[in-house]
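Each chain, letter by letter, is given below.
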Amino acid sequence: MVAGDTAISTVGKEGLGLTYRGYSIDDLAEKATFEEVAYLLIYGRLPKATELEEYRQRLASRRGLPSALKTVLEQVPADAHPMDVLRTGCSALGCLEPESRERGQDQVADRLLASFPSMLLYWYQFHKTGRRIETQTEDRSMAAHFLHLLSGRPPDAMHERAMDVSLILYAEHEFNASTFTVRITTSTLADFYSAITSGIGALRGPLHGGANEAAMELIEKFKTPDEAEAGLMTMLRNKELVMGFGHRVYKISDPRSDIIKRWAKKLGDAADDTRLYPISERIEQVMWREKKLFPNLDFYSAAAYHFSGIPTPMFTPIFVISRTSGWSAHVIEQRGNNRLIRPTADYTGPPPRPFVPLAQR
Ligand code: COA
């Protein structure tokens, strides 16, 4: 069902696969960096070299967190889901640094993109190690900033690039559930932070962003490919959903899957993996053989993140970190030609009837 117009991306259009502002995802994942892609999505065109450098520096300068936000993050329980940490952090930052005439939408977009990794890992390290880490680092990329705060040291080039590519793949996907949520909130003329906070809520569920975590939990259950095949056959017999497979729009394959699959293989080889990648491949084969279902981006992202040393509950928050670029582009586009989004429903309830007073029920 067509729900509106957009000039930001195409998903599953014949012969196009996935494009951001007209550029194919294959080209972007091979030749661009995440910062270039975020600029492209938000400002509508590829940056020139000087613009890209300024943009990198602007994002890098906005990684620090205000002390009131650190206090909020310290109060969020250690066993909270990291998606709830980002949802809360986004909302809290909206109270501390509200959107205003002086602080416009571009500034809020930069701030959220730059500070989501900081929020997540400040909370994580505080509860895991008791340390109040400095989130304002010198790392050149968002990918390196994230991995640095997670492990305590700057990543090597391969792990940084793998993360960078993953951020590119997750950056934008037309009118998916969370983006449409962002646009609905925006269409009421609410502020930027409210739009992004509602997007995070919609992304959290396992039918949407939460699928990458759920895929990892499945893959990890098995010790061998044969065991995985037997487990999958039982799941399919019981009509259980296998997370990380299928798609509402793509019908033959997800153009992002092969790209992240190649990275999962490379990272797995570097980690001397002999278990998780072969299990993942067997699950893919069984799903195709039995149901003609293909892996979506979430399936091999799970293994790629795992081999990068990322804890499973952080998989969906990484999706937030990246998708903030696409969401921001949609807030700006919706505001540029706004009309309240208010669908109607087919009524399936009782016909009109007389009210029954309380005493007669
Ligand atoms: N595992 C097992 N069966 C699946 C499946 C999956 N991941 N995805 C779809 N199917 C089955 C459906 O049960 C249905 O079977 P039926 O005809 O016997 O009822 C059939 O395939 C058609 O699927 P449909 O329900 O029409 O797909 P949809 O467009 O409503 O759903 C998703 C799309 C993405 C919600 C769905 O594929 C899914 O739940 N996938 C797992 C979650 C996931 O990976 N989400 C991330 C999406 S990027």
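Report on the accompanying structure. (Residues numbered from 1 in each chain as written. Predicted model: local features only at pLDDT ≥ 70, side-chain atom pairs only at ≥ 80, totals over all residues. Heavy atoms only, no water.)

Concerning the environment of Ser91
Along the chain, Ser91 turns up in helix H5 (residues 82–96). By relative accessible area, Ser91 is classed as partly exposed at 35%. Put simply, Ser91 and Leu150 are 59 residues apart on the chain and 23 Å apart in space, counted from C-alpha to C-alpha. (Helix = DSSP H or I, 4+ residues; strand = E, 2+ residues; numbered from the N terminus. Buried < 20%, exposed > 50% of the residue type's maximum accessible area, 1.4 Å probe, protein only.)

Some points on the layout of surface pockets
Approximately 190 Å³ is the volume found for the second largest pocket. Forming the boundary of the second largest pocket are Leu147, Leu150, Ser151, Arg153, Pro154, Pro155, Asp156, His159, Ser308 and Gly309. For the lining of the second largest pocket, the leading source of residues is helix H7 (residues 142–151), giving 3 residues. Of the residues in the lining of the second largest pocket, the class split is 4 nonpolar, 4 polar and 2 charged. (1 Å grid on protein atoms, 1.4 Å probe; cavity = no way out; pocket = protein on both sides within 12 Å on 5 of 7 lines; lining within 4 Å. Points joined across faces, edges and corners; volume = space filled by probe spheres on them. Nonpolar A, V, L, I, M, F, W, Y, C, P; charged D, E, K, R; others polar.)

Looking at the side chain of Thr10
Secondary-structure assignment places Thr10 in strand E1 (residues 9–13). Taking relative accessible area as the criterion, Thr10 reaches 19% and is therefore assigned buried. At a separation of 2.6 Å, a polar atom in the side chain of Thr10 contacts the side chain of Thr19. Contact partners of Thr10, with chain neighbours within four places excluded, come to Leu16, Gly17, Leu18 and Thr19. (Polar contact = N/O pair within 3.5 Å; in protein donor to acceptor, adjacent residues only side chain to side chain. Contact = heavy atoms within 4.5 Å.)

Observations concerning the pattern of salt bridges
Scanning the entire structure with this criterion turns up 21 salt bridges. A salt bridge links Glu333 to Arg183; the nearest nitrogen and oxygen atoms lie 2.7 Å apart. Taken together, the positions of Glu333 in helix H16 (residues 315–336) and Arg183 in helix H9 (residues 177–187) put the pair 150 residues apart, joining distant regions of the chain. Across the pair, exposure class does not vary: Glu333 and Arg183 are buried alike. Beyond isolated ion pairs, a larger network of salt bridges with shared partners links Asp226, Glu229, Arg282, Arg289 and Glu290. (Salt bridge = Lys/Arg side-chain N within 4 Å of Asp/Glu carboxyl O.)

So, H16
An ideal rise of 1.5 Å per residue puts 32 Å on 22 residues; H16 measures up with 32 Å between its terminal C-alpha atoms. At Arg323, H16 shows its largest bend, some 45°. The buried count for H16 comes to 19 of 22 residues, which makes it a mostly enclosed element. (Expected span 1.5 Å × (residues − 1). Bend = angle between axes of the 7 residues up to and from the residue.)

Details of the packing of helix H13 (residues 257–270) against helix H14 (residues 276–291)
Two elements in contact, H13 and H14, have axes separated by 10 Å at closest approach and are oriented at 150°. On the basis of the axis angle, H13 is roughly antiparallel to H14. Every residue of H14 that contacts H13 at Lys261, Ala264 and Lys265 is listed here: Tyr277, Glu281 and Glu284. Partitioning the contact of H13 with H14 into residue classes produces 2 nonpolar, no polar and 4 charged. (Axes fitted to C-alpha atoms, helices over the stretch in contact; angles between N-to-C directions. Parallel < 35°, antiparallel > 145°, perpendicular 65-115°, else oblique.)

Here's the deal with the site of the ligand
What surrounds the ligand is a group of 18 residues, the closest being Val242, Gly244, Phe245, Arg248 and Asn296. One of the backbone nitrogen or oxygen atoms of Gly244 is found 2.7 Å away from an oxygen atom of the ligand. A distance of 3.0 Å separates an oxygen atom of the ligand from a polar side-chain atom of Asn296. Considering the ligand on its own, with 850 Å² of exposed area, one finds that the protein chains cover 62% of that surface. (Near = heavy atom within 4 Å. Areas by Shrake-Rupley, 256 points an atom, 1.4 Å probe, with all protein chains shown as cover.)

Quick notes on the sheet that holds strand E3 (residues 23–24)
One open sheet holds the 3 strands; their spatial order is E1-E2-E3, and the pairing between them is antiparallel. The open sheet terminates on both sides in strands that have one partner only, identified here as E1 and E3. Where strand E2 (residues 17–20) and E3 come together, 2 bridges link them in antiparallel fashion. Paired with Thr19 across the strands is Ser24, a residue of E3. (Pairing = 2+ DSSP bridges.)

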